[in-house]
Amino acid sequence: MLRWLGKGSDKKGDHCDDEEMEVMEFNVLGGGGGGGGGGGGEVVKSKRLIIRPRIKVWMARAITTVILWTCVVHLMALGELWGPRLLKGMPYCFNHIDSPKDLVAKVYVPPKRIYKNNGYLMVSCNGGLNQMRAAICDMVAIARHLNATLVVPELDKSSFWADPSEFQDIFDVDNFVVSLRDEVRILKELPPNLKRRVELGLSYTLPPISWSDISYYEKQILPLLRKHKVVHLNRTDARLANNGLPPEIQKLRCRVNFNALRFTSQIEELGRRIVRILRENGPFLVLHLRYEMDMLAFSGCTHGCDSGEVEELTRMRYAYPWWKEKVINSELKRQEGLCPLTPEETALTLTALGIDQSVQIYIAAGEIYGGKRRMASLLEAFPNLVRKETLLEPSDLMYFQNHSSQMAALDYLVSLESDIFIPTYDGNMAKVVEGHRRFLGFKKTIIPDRRLLVRLIDRYASGSLSWDDFSLVVKKAHVSRMGNPKRRVVIPDRPKEEEYFYANPQECLQLLDEPLRSTS
């Protein structure tokens, strides 16, 4: 301070004697002034010299502060451009981008949808991966229609597979939340005050009625949301109708399925590696060989099993009380086309369809019941059978062991990329993959006509039908069952028997220009 004042006085040509310097020094340090006469005049003079510099310093500080804040405001305004680099540690809503690759292709984040929230919807999905996947799509559409906030769904951990995986272990939860924010608000968990209400039993829990149209949710679920604030739907499989829904609901179901439900980066990376290995060896077919123990026990389909295996499957069916059907006529069910094709039947079907015997066939399934004995005929006909376990090192799959849904997610990704996809049973994976492949450009998906095939196979086995005739009939029967564009089959008042929405989401597909004929 004294140095600044000294420079100012030199500049003006003024010179202070020792007495004046002592008075000035005294006043800067906060001491009192002297008596009257000449001494008093010197004190006043020195005060003027001191006050002006103080004002100038204050003004300089104020101007500097304004300039600095102006810079900060400009930086915030340019946050989208400079934020990730300069303000990465600041608590602003920047999308932090770390890799140069991401800088090239910036992810679009839709604007938030603003609406009056009618309550919070919690859902617990049941079943395997693809059953839960379809249910999640339905629940998002329902939450959107009811103007409810959806809590990230809870996945089934008590089914036959006993998979402990959480939603974020299978799906990219951030992509799920952010990509749908212009449609519905999704939270990873309830706010603390509402979580306490749930813990105190103040929420409302129910399984919604199967195959309901949207009016059921308007009339039954919406009033419960408004009353209880939190509604928990504890079974979500097949709870929304296939048909008769507004187009915006159908399209939202597709958007969730094909865009929002992205697998985790670990699953997608490993899935790409499997596809890359397969592609290096040429074309490949994915066979969803649904011949695992749980499928056979649940369906009661025991064709080709020995007496010990039949007894084992029956015991398993009775061990699960929620499997309602207990007494099952296996042969009658097979003749009706309600059983998965056996490995032996599959080998005959693929050969009759003209599938090249040298093609790679990727088995998308769990452990095949009966093991090598049941797979022998299929392996003999198609020696290039592969599985993820044979294409990868054990260490690659170590993280996914005992997580059936994550293993199924790998098979799902490979199924989407295959040259041909053939399921031996019309379960949830077969249906959802079929619909997804339609969405990707009607990729070839052969859906076996099991009812026809088992009859033809039995005739061929008995010698009443030659191989040439057998093969010709099989090929003709499947010309129109290869994932071609077609209208979804609607059966009024029988929603369980009509074509599943996710197998043929026609509202979301780029159909051919010519009129499509109904297959009903």
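Our structure's up above, just so we're on the same page.
Residues numbered from 1 in each chain as written. Predicted model: local features only at pLDDT ≥ 70, side-chain atom pairs only at ≥ 80, totals over all residues. Heavy atoms only, no water.

J.: Mind showing me how you'd approach the overall build of the protein here?
T.: Along the protein, the regular secondary structure elements total 23 helices and nine strands. Taken across its 520 residues, the protein has 45% of its residues classed as buried. Once local pairs closer than 6 in sequence are excluded, the contacts in the protein between residues at least 24 apart make up 75%. Of the roughly 28200 Å² of accessible surface on the protein, 56% is carried by carbon and sulfur atoms. (Helix = DSSP H or I, 4+ residues; strand = E, 2+ residues; numbered from the N terminus. Buried < 20%, exposed > 50% of the residue type's maximum accessible area, 1.4 Å probe, protein only. Contact = heavy atoms within 4.5 Å. Areas by Shrake-Rupley, 256 points an atom, 1.4 Å probe, with all protein chains shown as cover.)

J.: Teacher, can you tell me more about the sheet that holds strand β1 (residues 120–123) here?
T.: In any sheet, the strands associate via hydrogen bonds between backbone groups, in a parallel or an antiparallel arrangement. The parallel open sheet is built from five strands, whose spatial order is β3-β2-β1-β5-β4. If you trace the sheet from one side to the other, it starts and ends with β3 (186–187) and β4 (204–206), each paired once. Inspection of the sheet shows β4 paired to strand β5 (residues 230–233) by three bridges, in the parallel sense. What sits directly across from Leu206, in β5, is Leu233. (Pairing = 2+ DSSP bridges.)

J.: Would you explain the pairing of β5 in this entry?
T.: A regular strand places its side chains so that they alternate between the two faces of the sheet. Side chains of β5 alternate between two faces, with Val230 and His232 and Val231 and Leu233 buried alike. When β1 meets β5, the two strands line up parallel, connected through four bridges. Each residue of the ladder has a partner; that of Val123, found in β5, is Leu233. Remark: the β4/helix α10 (residues 214–228)/β5 crossover connection has right-handed handedness. (Right-handed = clockwise from strand over helix to strand, strands pointing away.)

J.: Before we go on, may I ask you to explain the sheet that holds strand β7 (residues 360–363) in this structure?
T.: Pairing is parallel across the open sheet formed by four strands, whose spatial order is β8-β7-β6-β9. Two strands bound the open sheet, and with one partner strand each, they are β8 (385–386) and β9 (420–423). Along the sheet, helix α12 (residues 265–280) makes contact with β6 (284–288), β7 and β8, crossing β7 at roughly 160 degrees. (Axes fitted to C-alpha atoms, helices over the stretch in contact; angles between N-to-C directions.)

J.: Just to check I follow, could you spell out α10 for this structure?
T.: Owing to its 3.6 residues per turn, the α-helix aligns residues three or four sequence positions apart on the same side. A rise of 1.5 Å per residue sets the reference length of α10, with its 15 residues, at 21 Å; its end C-alpha atoms lie 20 Å apart and thus fit the reference within 8%. Taking the largest bend as the criterion, α10 deviates by roughly 35 degrees, centred on Ile221, and proline Pro223 comes between one and four positions later. Taken as a whole, α10 has its buried residues at Ile214, Tyr216, Tyr217, Ile221, Leu222, Leu224, Leu225 and His228. Contacts made by the buried residues of α10 are with β1, α6 (129–145), α9 (192–199), β4, β5 and α11 (247–260). Of the residues flanking the end of α10, it is Lys229, one or two places downstream, whose phi is positive at about 70 degrees. (Expected span 1.5 Å × (residues − 1). Bend = angle between axes of the 7 residues up to and from the residue.)

J.: Hey, could you run me through the packing of aromatic side chains in this one?
T.: Both the distance between ring centres and the angle between the ring planes are used here to describe each pair of aromatic rings. Enumeration according to the criterion identifies 15 aromatic pairs in this entry. Between Phe263 and Tyr412, the aromatic rings sit 5.8 Å apart at their centres with planes inclined by 80 degrees, giving edge-to-face as the arrangement. Here Tyr412 lies in helix α20 (residues 404–417) and Phe263 lies in the loop between α11 and α12, a separation of 149 residues in the sequence. Each member of the pair, Phe263 together with Tyr412, is buried. Ring centres 5.4 Å apart and planes at 80 degrees place the aromatic pair Phe298 and Trp323 in the edge-to-face group. (Phe/Tyr/Trp six-rings, centres within 6.5 Å; stacked < 30°, edge-to-face > 60°.)

J.: Teacher, can you tell me more about unusual backbone geometry here?
T.: Generally, phi is negative for residues other than glycine and the peptide bonds are trans, each holding for most cases. Even without being glycine, Asn147 reaches a positive phi, approximately 55 degrees. The topology assignment puts Asn147 in the loop between α6 and β2 (149–151). In this structure, Lys229 takes a positive phi of about 70 degrees despite not being glycine. For Lys229, the position within the fold is in the loop between α10 and β5. According to the relative accessible area criterion, Lys229 is partly exposed, its value standing at 44%.

J.: Looking at this model, I keep getting lost on the pattern of salt bridges. Mind explaining?
T.: Pairing between side chains of opposite charge can happen when their charged atoms approach one another. Enumeration over the complete set of coordinates arrives at 28 salt bridges. Put simply, Glu183 and Arg144 hold a salt bridge, and the shortest N to O gap is 2.8 Å. Placement of Glu183 in the loop between α8 (173–179) and β3 and of Arg144 in helix α6 is noted, with a sequence separation of 39 residues between them. Since its relative accessible area comes to 26%, Arg144 is described here as partly exposed. (Salt bridge = Lys/Arg side-chain N within 4 Å of Asp/Glu carboxyl O.)

J.: I'm lost on the pairing of β9 in this one. Help?
T.: Burial of the side chains of β9 extends over both faces: Ile420 and Ile422 are buried on one face and Phe421 and Pro423 on the other. Of the pairings in the sheet, the one linking β6 to β9 comprises four bridges and is parallel in character. What sits directly across from Val286, in β9, is Phe421.

J.: For this particular structure, what's the right way to read empty space enclosed by the protein?
T.: A probe as big as a water molecule, rolled over the atoms, marks out the empty space that is left. Considering all chains together, one arrives at one cavity of 30 Å³ or more under this definition. Approximately 50 Å³ is the volume found for the largest cavity. Contributing to the lining of the largest cavity are Tyr291, Leu296, Cys301, His303, Arg334, Cys339, Pro340, Leu341, Thr342, Glu345 and Val454. (1 Å grid on protein atoms, 1.4 Å probe; cavity = no way out; pocket = protein on both sides within 12 Å on 5 of 7 lines; lining within 4 Å. Points joined across faces, edges and corners; volume = space filled by probe spheres on them.)

J.: Mind showing me how you'd approach the state of the cysteines here?
T.: Working definition of a disulfide: a covalent bond connecting the sulfur atoms of two cysteines. Counted by the stated rule, this structure contains two disulfides. Two residues, Cys254 and Cys508, share a disulfide whose sulfurs are 1.9 Å apart. Across the disulfide from Cys254 to Cys508, rotation about the S-S bond amounts to roughly 80 degrees, and the bridge is consequently right-handed. Of the two residues, Cys254 sits in helix α11 while Cys508 sits in the segment after α23 (467–477), which places them 254 residues apart along the sequence. Across the disulfide, Cys301 is cross-linked to Cys339 (sulfur-sulfur distance 2.0 Å). Between Cys301 and Cys339, the disulfide has an S-S torsion of -85 degrees and is therefore left-handed. One end of the pair, Cys301, is in the loop between α13 (293–299) and α14 (307–319); the other, Cys339, is in the loop between α15 (330–335) and α16 (343–352), with 38 residues separating them in the sequence. Just as Cys301 is buried, Cys339 falls in that class too. Take the cysteines of the protein that form disulfides and number them in order along the sequence; they join up as 1-4, 2-3. This cysteine, Cys137, is not joined by any disulfide, and Cys254 carries the nearest cysteine sulfur, 8.3 Å off. With no disulfide partner, Cys305 has as its closest neighbouring cysteine sulfur the one in Cys301, 9.5 Å distant. (Disulfide = S-S within 2.5 Å.)

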